Amino acid sequence: MRKSHKEELYNVAFRLFILDSFDGVSIPDIEKASGFTRGAIFYYADTKQALYKQVMEHYLLEKQSIDNQWLSEDSDARLRLEDLSLLGFIDHYVDAIEDAMKNLRKVLGRGITKMRSSRAYLKLPFQIAERLPDLHQRQLAMMERELELWKSALVRARDSGEIRSGIEAESVAKLFVDLIYGESYTSAVIGDVDTNKLRSELHALYALL
């Protein structure tokens, strides 16, 4: 199987797993949805559990890691991340969320509403924590990494005079991160993740600094 076939298989499996659950998806379901034979599926993973883990690693760690999105060797962001103002960092972060949601909807397909895709995505951390505890720990480490990037952006902004000198970077970084996750959850419960609203609220918090 070529690499493009592997990506296609992962797309189909991810779509099924995220819209249902690990237990709700069978190998025959994946065969039917992908058009691949069982042998072709098991070329990459010899069990459904192994396929589930590989798919979740691919989409939740490799594709959405801040380091992979912003700091990869072939990314312009590596060269300009430290040059961003705090306001620029905020907008860059929200842009990344918008891109992630667009990519998710592309994988899920046109027949899936934004509301359903957002809610399905927000259920994933709970599935992962239960089914793949090692992957869950890596997700938590990725969240800590994001917090450190926010803290660094705040320190740079404080040192440059963009924000007040008395700002405590670690506490305010947590406020930004909590606002992002809280607003994302609330928006998805009501309808869809509203990145315009999220951007506006982050700008409002920034204005207080």
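This text follows the structure it describes.
The rules behind the values
Residues numbered from 1 in each chain as written. Predicted model: local features only at pLDDT ≥ 70, side-chain atom pairs only at ≥ 80, totals over all residues. Heavy atoms only, no water. Core = buried A, V, L, I, M, F, W, Y, C linked by side-chain atoms within 4.5 Å. Buried < 20%, exposed > 50% of the residue type's maximum accessible area, 1.4 Å probe, protein only. Helix = DSSP H or I, 4+ residues; strand = E, 2+ residues; numbered from the N terminus. Contact = heavy atoms within 4.5 Å. Phe/Tyr/Trp six-rings, centres within 6.5 Å; stacked < 30°, edge-to-face > 60°.

1. A look at the nonpolar core
Most often, soluble globular proteins keep nonpolar side chains buried together rather than apart.
For step 1, the next point in the chain: Within the largest apolar cluster, 64 residues are counted, with the highest numbers of intra-cluster contacts made by Met 56, Leu 86 and Trp 150.
For step 2, the next point in the chain: Among the elements that line this core, the one with the most residues is helix H7 (residues 86–108), at 10 residues.
For step 3, the next point in the chain: Not counting chain neighbours up to four residues away, the residues in contact with Trp 150 comprise Leu 86, Phe 89, Ile 90, Tyr 93, Ala 173, Phe 176, Val 177 and Ile 180.

2. A look at the packing of aromatic side chains
For step 1, the next point in the chain: Across all of its chains, the model carries 9 aromatic pairs by this definition.
For step 2, the next point in the chain: Each ring, one from Phe 17 and one from Tyr 52, has its centre 4.8 Å from the other, and the planes form 85°; the classification is edge-to-face. Taken together, the positions of Phe 17 in helix H1 (residues 3–19) and Tyr 52 in helix H4 (residues 48–62) put the pair 35 residues apart, joining distant regions of the chain. For the pair formed by Phe 17 and Tyr 52, the shared burial category is buried.
For step 3, the next point in the chain: Taking 5.1 Å as the distance between ring centres and 70° as the angle between the ring planes, the aromatic pair formed by Phe 22 and Tyr 52 counts as edge-to-face. Here Phe 22, found in the loop between H1 and helix H2 (27–34), pairs with Tyr 52, found in helix H4; they are 30 residues apart in sequence, far enough to count as distant. For the pair Phe 22 and Tyr 52, a shared accessibility class is recorded, and that class is buried.
For step 4, the next point in the chain: Put simply, the rings of Phe 89, Tyr 93, Trp 150 and Phe 176 touch in pairs and so form one group of aromatic residues.

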